[in-house]
Amino acid sequence: MAVDKDKLQEDASIVRFCKIILGWDYFRLLKFSNKNGKDAAASGLKEVKATYKDVDDYLATFEPLLFEEVKAQIVQRKDEEEVTDWKLRLVMECNEADGFHLPAVTYEADEEESISQNDLLLLSKEEFKEGSKKLPTTYAFALVEHRQKNLLRLRMYLAGEFTQVNPDVEKNSERLIRMQALITSSGTAVEKRLFSIKAGLSHKAFVLIQGPPGTGKTQTILGLLSAILHATPGRVHSKSGLLELNRGPELPIEEKYKHWGWASPWLMGTNPRDIIMPIDGDDGFFPTTGNELKPEVVNSSRKYRIRVLVCAPSNSALDEIVFRLMKTGVRDENVRAYTPKIVRIGLKPHHSIEAVSMDYLVNQKRDLAGDKQKQGSTGRDLDSIRAAVLDEAVIVFSTLSFSGSAVLTKLNTGFDVVIIDEAAQAVEPATLVPLASGCKQVFLIGDPVQLPATVISPVAEKLGYGTSLFKRFQMAGYPVKMLKTQYRMHPEIRSFPSKEFYDEALEDGSDVEDQTTRDWHKYRCFGPFCVFDIYEGKESQPSGSGSWVNIDEIEFILVMYHKLITMYPELRSSSQFAIISPYRHQVKLLQERFQDTFGVESKKVVDIGTIDGFQGREKDVVIFSCVRASKDRGIGFVSDFRRMNVGITRAKSSVLVVGSASTLRRDEHWSNLVESAEKRGCFFKVAKPYASFFSDEYLEFTKVIDKDAQMVDANDAPENNTGYNMAEDADQGPVEDNEYGDGDGEFEGGFDDD
């Protein structure tokens with residue numbers, strides 16, 4: 001089969017990127033991987049700055065950090081894999097172009113879901129085992145270009161190895177010479193371990209919109225799309241020059257707000273998440289059954305002046321926007337809702353938005369063309385069909401990484417506007433990928449005080465590689481528009497993060513308190529925002545793990561959950577109730593204990609996960625397990641105020657924080673949270689046996705008789721059969737804080753394989 005040479009006519013920076021990474025020595029990476037980040041200065045890497053004097057200065061800082069992060073991702077994926085599955089593969093052919101070798105390698109049907117475009121494979125002549133002293137002598141990385149029936153089209157660079165991030169420093173490599181001979185002559189063993197290398201309108205080139213929790217970020221994006229596609233410009237060009245459009249009289253500001261409300265209904269009203277009610281077992285975003293959403297057939301005579309590319313760092317964040325657009329549509333010039341022609345490119349689209357995925361639309365066009373053409377389709381034919389799908393779409397959706405793939409870079413027409421959601425959760429180089437389309441305007445939408453970008457390399461992290469473009473613009477003084485009205489949380493939940501993280505700028509929607517007040521709020525211990533001090537709890541670290549657990553917190557949470565669902569059975573649902581923790585081992589233990597109690601139904605009765613897995617999601621009730629409890633150690637990355645902010649803002653009606661107050665007080669933000677709970681009469685010291693805390697006698701004591709009545713101080717409570725009076729043992733006050741605690745450095749998120 002002829003090689004598609006057009007695909008290799010790439011930007012020089014992409015060619016450079018591929019050559020450097022594909023030339024790396026896998027075992028050298030493992031041997032010299034820096035997991036501590038202690039020699040960041042000695043590494044010669046530069047720290048990220050807020051401003052740069054020129055492009056060369058910018059590239060000299062970011063490029064080495066980018067490669068450092070790629071190395072760390074490769075090493076991490078190796079550490080996470082427990083089983084290595086070896087398969088013998090045949091090299092059916094091998095071509096060369098632009099210095100790359102392009103082998104076509106066989107693969108089996110059952111691997112179709114596990115091998116994807118842009119995956120990084122390790123090819124080796126010899127099978128090797130973990131711990132073996134004898135390493136293979138003939139091996140190299142290969143990038144999956146695309147998949148065909150029974151064949152993987154790969155790209156390899158075998159001319160030489162780069163030991164430094166410098167394309168001019170290339171040395172000969174015997175292993176690469178041997179690999180070059182191997183792939184041009186015989187079958188090759190492939191290790192099946194995969195590494196993924198993965199507000200309003202303004203005339204400004206960049207528009208930054210900060211969306212705190214519950215402020216309707218997705219709705220704002222839909223509003224922007226409506227305005228971008230259908231706004232009428234104030235001044236237009238004609239052959240005779242610049243013309244002014246006739247305008248009506250200037251309205252008073254009150255009248256303007258009224259008319260803006262009429263013209264932009266998609267920005268007003270109830271939080272759309274309150275309208276979409278997930279069923280049991282749902283992940284909180286999408287429906288779990290069927291694929292009922294279909295794009296409307298738009299009149300082909302509709303003319304668009306602008307093409308838009310919408311991106312997000314992850315598949316889940318991207319698909320939420322696509323789903324919402326398919327469900328509610330955008331508004332045209334006459335404020336009528338419709339669904340424009342859109343396409344979602346990339347891997348793993350959620351089943352609910354399959355009807356606008358690239359693969360679905362391509363197959364649809366092939367079916368229309370007839371079976372004969374479908375059977376005879378070649379790679380070039382498919383490329384032309386994909387190009388036709390993209391040409392018809394007015395909005396294209398892609399993850400940041402996939403926006404740099406050939407399917408978009410080969411387009412004859414670029415994009416006028418790029419919108420990036422969760423922009424504060426992406427490293428700056430990733431954000432630059434979709435901007436290569438030559439767009440005229442970029443909207444960065446995110447929140448720098450929620451979860452940051454995922455950076456695996458401690459060296460790169462220490463030098464600021466995790467700083468998003470959004471955050472760097474903000475630090476440099478670039479104006480940011482903040483959404484201030486929140487529609488998700490009970491006002492008592494909103495109050496603390498608003499004061500702590502947003503300079504008290506957040507305000508509540510008109511009916512948010514009525515919408516989030518629940519029957520269980522009549523008990524102060526189940527109120528909107530409570531803190532439970534498990535003062536006798538102990539943290540521990542499982543052998544060989546960087547994570548932490550707290551068995552005492554788990555026992556208390558089980559008792560509290562059982563009491564709540566017994567009194568309020570409607571909470572016995574994973575769509576209503578969540579338990580979250582910063583530590584994955586705590587999450588794992590919680591999941592195991594709930595499975596022991598509820599069996600296979602445990603996932604349906606409660607949603608348990610890490611904080612990193614919950615950004616952008618919400619539940620009625622959330623229990624937050626802090627885990628850390630010690631007399632002298634810090635609180636690790638629990639001290640990251642961004643994770644704290646995300647954790648306490650997932651709940652609509654009640655967030656119940658469980659932890660050791662004396663330990664948490666060592667951090668400034670957590671100390672403020674504990675103090676806030678004390679002032680509101682919602683701080684409870686808890687001792688064993690935990691069941692006695694939720695006795696009928698004690699619950700009756702904590703009952704709020706009248707909504708406006710003065711709450712009784714929790715420390716005046718009876719002993720609750722615990723032998724411990726809650727008025728004793730007043731806490732010690734804040735301790736000098738180390739921002740990084742004991743430096744456990746654990747990252748609890750994960751890659752979204754796009």
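Residues numbered from 1 in each chain as written. Predicted model: local features only at pLDDT ≥ 70, side-chain atom pairs only at ≥ 80, totals over all residues. Heavy atoms only, no water.

Per an unreviewed UniProt entry, the chain goes by the name Probable helicase MAGATAMA 3 isoform X2 and belongs to Theobroma cacao.

Novice: Explain the pairing of strand β6 (residues 151-155) to me, please; I cannot follow it from the model alone.
Specialist: It is a general feature of regular strands that their side chains alternate between the two faces of the sheet. Burial within β6 is extensive, with five of its five residues counted as buried. Side-chain alternation along β6 places L151, R153 and R155 on one buried face and L152 and L154 on a second face that is also buried. Where strand β3 (residues 100-106) and β6 come together, three bridges link them in antiparallel fashion. Bridge pairing in β6 links V105 to L152. As paired elements, strand β5 (residues 139-148) and β6 share five bridges and run antiparallel to each other. Residue pairing across strands places Q148 opposite L151, the latter belonging to β6. (Buried < 20%, exposed > 50% of the residue type's maximum accessible area, 1.4 Å probe, protein only. Helix = DSSP H or I, 4+ residues; strand = E, 2+ residues; numbered from the N terminus. Pairing = 2+ DSSP bridges.)

Novice: So what exactly am I meant to see when it comes to the packing of helix α21 (residues 641-648) against helix α23 (residues 668-679) here?
Specialist: The contact between α21 and α23 brings their axes to 10 Å, and the two run at 30°. Contact residues: F641, M644 and I648 in α21; H669, W670 and L673 in α23. Across the contact of α21 with α23, the residue classes break down as five nonpolar, one polar and no charged. (Axes fitted to C-alpha atoms, helices over the stretch in contact; angles between N-to-C directions. Contact = heavy atoms within 4.5 Å. Nonpolar A, V, L, I, M, F, W, Y, C, P; charged D, E, K, R; others polar.)

Novice: Help me understand the pattern of salt bridges in this model?
Specialist: A side chain of one charge can pair with a side chain of the opposite charge if their charged atoms are brought near each other. Scanning the entire structure with this criterion turns up 31 salt bridges. Here R16 and E63 are joined by a salt bridge, their closest N and O atoms 2.4 Å apart. Taken together, the residues R16 in helix α1 (residues 12-22) and E63 in helix α3 (residues 55-80) connect sequence positions 47 residues apart. Exposure remark for R16: the relative accessible area of 25% places this residue in the partly exposed category. In this structure, the salt-bridge partner of E145 is R155, at a minimum N-O distance of 3.3 Å. Residue E145 is located in strand β5, and its partner R155 is located in strand β6; the two are separated by ten residues in the primary sequence. (Salt bridge = Lys/Arg side-chain N within 4 Å of Asp/Glu carboxyl O.)

Novice: Would you take a moment to explain the sheet that holds strand β28 (residues 683-686) for this structure?
Specialist: Within a sheet, neighbouring strands are paired by backbone hydrogen bonds and run either parallel or antiparallel to one another. Ordered by their spatial adjacency, six strands build an open sheet running β25-β24-β26-β27-β23-β28, and the pairing between neighbours is parallel. Of all the strands in the sheet, just β25 (607-610) and β28 have a single pairing partner and so form its edges. Across the sheet, the axes of successive neighbouring strands diverge by a mean angle of 20°, strand direction being ignored. Judged from the four bridges that link them, strand β24 (residues 577-581) and strand β26 (residues 619-625) form a sheet pairing that is parallel.

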